[in-house]
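Architecture and fold: a report
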2 protein chains.
Amino acid sequence: MTRLFNDPDDFLDELTEGFVAASGRWVRAVPGGVVRSTRSPEPTVAIVIGGGSGHYPAFAGLVGPGLAHGAAMGNLFASPSTQRAYSVAKEADQGRGVLFSYGNYAGDVLNFDAAQDQLKAEGIDCRTVLVTDDIWSAPPDEFEKRRGIAGDLTVFKVAGAAAEEGASLDEVERLARHTNDRTRSFGVAFDGCTLPGKSEPLFTVPQGRMAVGLGIHGEPGIDETDVPTADELAELFVSRLLQEVPEGVEVSGARVVPILNGLGSVKYEELFVVYRSVDRLLRAAGVEVVDPEVGEFCTSFDMAGCSLTLLWLGNEPGGELERLWTAPADTPAFRRGSVSEREHVDSSATAAAQKTIPPASDESRHAATYIADLLARMAEAIDAQADELGRMDSVAGDGDHGIGMQRGSRAGARAARSAADAGAGAGTTLAEAGDAWSDQGGGTSGVIWGRILQTLGKTLGDEAPVNAAVVAAAVGEARDVVMGFGKAKVGDKTMVDAIVPFADDLSASVEAGRPLRVAWPQAAAVAEQAAQQTADMAAKLGRARSHGDKSIGTPDPGAVSFALICTTVAGELPPADGAG
Amino acid sequence: MTRLFNDPDDFLDELTEGFVAASGRWVRAVPGGVVRSTRSPEPTVAIVIGGGSGHYPAFAGLVGPGLAHGAAMGNLFASPSTQRAYSVAKEADQGRGVLFSYGNYAGDVLNFDAAQDQLKAEGIDCRTVLVTDDIWSAPPDEFEKRRGIAGDLTVFKVAGAAAEEGASLDEVERLARHTNDRTRSFGVAFDGCTLPGKSEPLFTVPQGRMAVGLGIHGEPGIDETDVPTADELAELFVSRLLQEVPEGVEVSGARVVPILNGLGSVKYEELFVVYRSVDRLLRAAGVEVVDPEVGEFCTSFDMAGCSLTLLWLGNEPGGELERLWTAPADTPAFRRGSVSEREHVDSSATAAAQKTIPPASDESRHAATYIADLLARMAEAIDAQADELGRMDSVAGDGDHGIGMQRGSRAGARAARSAADAGAGAGTTLAEAGDAWSDQGGGTSGVIWGRILQTLGKTLGDEAPVNAAVVAAAVGEARDVVMGFGKAKVGDKTMVDAIVPFADDLSASVEAGRPLRVAWPQAAAVAEQAAQQTADMAAKLGRARSHGDKSIGTPDPGAVSFALICTTVAGELPPADGAG
């Protein structure tokens, strides 16, 4: 379990400060994460990686000459926000384009894609290569749906080395994609980690048992067995990975980099005992082992587990991937060979932009104060349900929904209060709350709720009085944004299942002339009904999983938290229609 | 807990094989451990480090250019045997002398000192610098009695860099000693590790509590508190370490290297949060922080704990220690800067020397078979009591007595059986058993029991019949060797308390004409009585510790296991005096 922290809400900021203080030789802090503190002799393509925190050395520990140029750092197990990914990329860019590379998780994809759109709109060429190495997370014919685990390292390393050699963005992208095609991983777990400030582990595995294929955030595995001997585990790893040799590679004589990764509390000596057998088995299969790595490259706090990654270099010695894998690198957590001396850049922190509050009407400022109160109530309601939301998410997802909503809603409430106190109107207050929610909440829920509040703010503005018609219209806009953004349809068991009937019902009621204090609670009841179906499915799936039935689809607690927020707002509506 | 292993008895051999397979770029296997797989451009002083396994990257992970030349690897938490330390030093020596450096633990000191004597007898100049950085293990005026923890790294690194620069053995020794004088560490623990194959952790700390000053093998701490916040822990670390500034250093303007070390399952993100405060507090005290390290440098399997080490470089920038601390190094687990390319040496394993069995009389061969049976019974008796012996040792020592006696007696029994089966006499059989016991048992008990069996073997020889007089004489020799070797006196609550009355009583009885089957059990009863006093004291101390009384001396379960062995032998004596 995680024991050392102060206020859990400050964990990301504090670990970033400590990491930068310890690692100034390689990195400097920028808004949203870190970039190199050294300058390349010539401008190169910038490799920007990132993801949730809790996986050190992934991702910030891999920034430095020969590897990444920047890392966008999200909160614990939660994607960095769009702003964070964008900001780090802007700082890392050297005029030759940006390659985003990160593990394939929905929240990360949403945020990095949005950041990529922003960069492109500004004329910065940006490409993305997702890492999809975990063979248990989807079958081979859905390779692109697989999630990324310790195989991250191979893709980042090859891309970083190619950029260092001066390769173009096209070439770096091709090599990164090629490396991902050649990388396969397989993980097991014996026990879960407990996040800072939580009393329960994210998941548990019964004593003496091992979860096979379980993800690094506790995503469901595919099987459970007794804890094997070290030799048996090596046999399981190697035999299964040899069944999935990438196209174009012959096993006999293939040159392969094995990476045996500890997730936190399976320690070095145990890993070496396992590696002994891995090495023997690979050689027995006719494989040439090249420059292996045994250690901690992608952790999950102190989760007890390990994974084996194979990077298939090809059948010819000294090929392109082998040259790039073995090229020098110098980062806080991954170093090899001799990197030439680099000039250090001034690491004084980028000055925070001064916020100006746009002028607003008295009515809108009054509404803003009311909005700030509402957001505070929402944060309290989420707080009370956060553990339950997390449990629901961990049945089928990565378990971060509760903590993400909690952090996001708290940050949103704080930002709204501070904007309203500074005299902002309703629109600016909502926009500020949306930025903060997205930034601090992270993950899928962070980006969606950020967009919802930003959209509401845009529609409400800082001048016009806030009335039922305006609110209904704003909610309709938010619904459209969410649908366009997440690509889910009604019936997919996501937040869309709740926001669509809610917005439709609210709009119809308001058009029929009902006041907001009648229309909203009615619409909220509709949303709650939709959410109940998702909750039922999560419960059913929870029971089914323990009986080994994997056939049921994936419910997302987004609908449940959406309904919770609608209901909370319903209970706080003023007697007259003066505010939103 | 440790989960991944095969036969726990094979753990050391298997982890060594796996480590070397993964790390051939830096190391090659030699009998007893590893040495560099690269050749220095010019011969240098050889830095040989070592200790028990379970602390990776200490010690084998620190072998490579710019750091150590070889590491003697002991069994889990047990000192390497004399043979192992000697053999690694012989392989590492380049004709310019050897510096032994390791943490100050009794078993390591016994074995490395004996190896040093052997090297000196062969004309190889050899010096020793003990690491004594743990401020809680003895008061400042007994600095030389302190044990070594993560501060190992500073001493090894400075010595390795000095050797790399071509410094003489005198100079390397001086610098290593100076570095130890300038190094202070302070550790805490939240929970113990469980060794491979064991079902109980080596120690436990109550949930929500923190042991202050507890050693890396679970040696008693000095206090217990609630788990503090990260900031409070940093405050505790820094304030206490600032109370013990080495002589000749002014705090204000002092240049200091902080090393924040995780012991296994306190993970990187937590360490960074703690480091944030450490860095702030040091700067607030006017200290100049130089090249800090945050990570895992000396672990204890998956023990939950961490320590802060401060290396006080001095008050002038760019001094001697600073130059050597920041010099390039390239090892499996510690790399910095650019190390010039090195030539690789042939890493084919050194051929094991062929053993020849000296001729023996029929009577002595008969006795040898009987001795092998006795050793098998002894191993069984130790097996049954190993956990109890470990518990007794953990009250005051490092808890390895049980597992060390278990591994040693098993290895001794196997070696005796194989020698006797090959036709060896009593003397050779005992000598072989002693070598194996010492090598596999490790620690203090390993070296002492190795010497006892070797001494018995020398006195008995391979020709003479084994009778009561010879046995009594041999036991007397063994007693003298043990007393000369360990420097303990009767009453110090060590094995000496049991072996002295046992040998004296046996000798008197045999001189009085009693047969061995009468004399031995009588003497064994005397040993048992002495051992009981040690056991009582351990129990009393165990109770006293939980009441906070630290004033009671240190009992050593060596007397208890000695008596156990004597009693076991007593039960197996033949009706007539034909065998020993």
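Residues numbered from 1 in each chain as written. Chains lettered and ligands numbered in written order. Predicted model: local features only at pLDDT ≥ 70, side-chain atom pairs only at ≥ 80, totals over all residues. Heavy atoms only, no water.

**Concerning the overall build of chain A**
Looking only at helices and strands, one finds 16 helices and 17 strands in chain A. Projected onto its principal axes, the C-alpha coordinates of chain A cover approximately 80 × 55 × 40 Å. The 580 residues of chain A split such that 62% are buried. Contacts in chain A between residues at least 24 apart in sequence constitute 74% of all its contacts with a sequence separation of at least 6. (Helix = DSSP H or I, 4+ residues; strand = E, 2+ residues; numbered from the N terminus. Buried < 20%, exposed > 50% of the residue type's maximum accessible area, 1.4 Å probe, protein only. Contact = heavy atoms within 4.5 Å.)

**Things to note about the sheet that holds strand 1 (residues 27–30) of chain A**
Residue and element names in this part refer to chain A. Strands sit in the order 1-2-5-4-6-7 across an open sheet of 6 strands; the sheet is mixed. The sheet is open, and its two edges are formed by strand 1 and strand 7 (126–131), each paired on a single side. Across the sheet, the mean angle separating the axes of adjacent strands is 25° when strand polarity is ignored. (Pairing = 2+ DSSP bridges. Axes fitted to C-alpha atoms, helices over the stretch in contact; angles between N-to-C directions.)

**Section: the nonpolar core**
A:Val34, A:Val172, B:Val34 and B:Val172 are the most contacted members of the largest nonpolar core, which totals 208 residues. Contact partners of A:Val34, with chain neighbours within four places excluded, come to A:Phe19, A:Val20, A:Val27, A:Arg28, A:Ala29, A:Ala60, A:Val63, A:His69, A:Gly70, A:Ala71, A:Met73 and A:Val88. (Core = buried A, V, L, I, M, F, W, Y, C linked by side-chain atoms within 4.5 Å.)

**Brief notes about the domain arrangement of chain A**
All names here are of chain A. Partitioning chain A into domains gives domain 1 (8–326) and domain 2 (362–570). Spacing between the C-alpha centres of domain 1 and domain 2 amounts to 32 Å. Taken together, the contact between domain 1 and domain 2 spans 23 residues of the former and 26 residues of the latter. Together, the buried faces of domain 1 and domain 2 total about 1,900 Å²; carbon and sulfur atoms form 45% of this surface. The largest per-residue losses of area from domain 1 upon contact with domain 2 belong to Asp9, Leu110 and Pro220, which jointly make up 27% of the total buried on that side. Where domain 1 meets domain 2, there are 3 salt bridges. Asp439 is the salt-bridge partner of Arg84, the closest N and O atoms lying 2.8 Å from each other. One can count 10 residue pairs in polar contact (both at pLDDT 80 or more) joining domain 1 with domain 2. Looking at the side of domain 1 that touches domain 2, the elements that each hand over two or more residues are strand 5 (70–76), helix 2 (82–92) and helix 3 (106–121). A total of 5 residues in the side of domain 1 that touches domain 2 trace back to one element, the largest contributor, which is helix 3. Residues of the side of domain 1 that touches domain 2, tallied by class, amount to 10 nonpolar, 9 polar and 4 charged. (Domains from an automatic or database assignment. Buried area = accessible area lost by both parts, 1.4 Å probe. Salt bridge = Lys/Arg side-chain N within 4 Å of Asp/Glu carboxyl O. Polar contact = N/O pair within 3.5 Å; in protein donor to acceptor, adjacent residues only side chain to side chain. Nonpolar A, V, L, I, M, F, W, Y, C, P; charged D, E, K, R; others polar.)

**Let's talk about the side chain of A:Asp134**
All names here are of chain A. Assignment of secondary structure puts Asp134 in the loop between strand 7 and helix 4 (152–164). A relative accessible area of 1% places Asp134 in the buried class. Setting aside its immediate chain neighbours within four residues, Asp134 contacts Arg146, Arg147, Ile149, Ser185 and Gly213.

**A few points about the relation of the copies chain A and chain B**
It takes a turn of 180° to lay chain A on chain B, together with a shift of 0.0 Å along the axis; the resulting RMSD is 0.1 Å. What the superposition gives is, in effect, a two-fold axis relating one chain to the other. Closest to the rotation axis within chain A is the C-alpha of A:Ser338, separated from it by 2.2 Å. (Least-squares fit on C-alpha atoms with pLDDT ≥ 70 in both.)

**Observations concerning unusual backbone geometry**
Here the bond from A:Tyr56 into A:Pro57 is cis, since omega is 10°, no more than 30 degrees from zero. Relative to the elements of secondary structure, A:Pro57 occurs in the loop between strand 4 (46–53) and strand 5. The backbone of A:Phe77 sits at a positive phi, close to 55°, despite the residue not being glycine. Position of A:Phe77 among the secondary structure elements: in the loop between strand 5 and helix 2. Even without being a glycine, B:Asp291 presents a positive backbone phi close to 40°. Considering the arrangement of structural elements, one finds B:Asp291 in the loop between strand 12 (288–289) and strand 13 (293–295).

**A few points about the sheet that holds strand 2 (residues 33–36) of chain B**
Residues and elements named next belong to chain B. One open sheet holds the 6 strands; their spatial order is 1-2-5-4-6-7, and the pairing between them is mixed. Two strands in the sheet have a free side with no partner beyond their single neighbour: strand 1 (27–30) and strand 7 (126–131). When strand polarity is set aside, the average angle formed by the axes of neighbouring strands in this sheet is 25°. Sitting on the sheet, helix 2 (residues 82–92) is in contact with strand 1, strand 2, strand 4 (46–53), strand 5 (70–76) and strand 6 (98–103), with an inclination near 160° to strand 5. The sheet contacts of helix 4 (residues 152–164) involve strand 2, strand 4, strand 6 and strand 7, and relative to strand 6 the element is tilted by about 165°.

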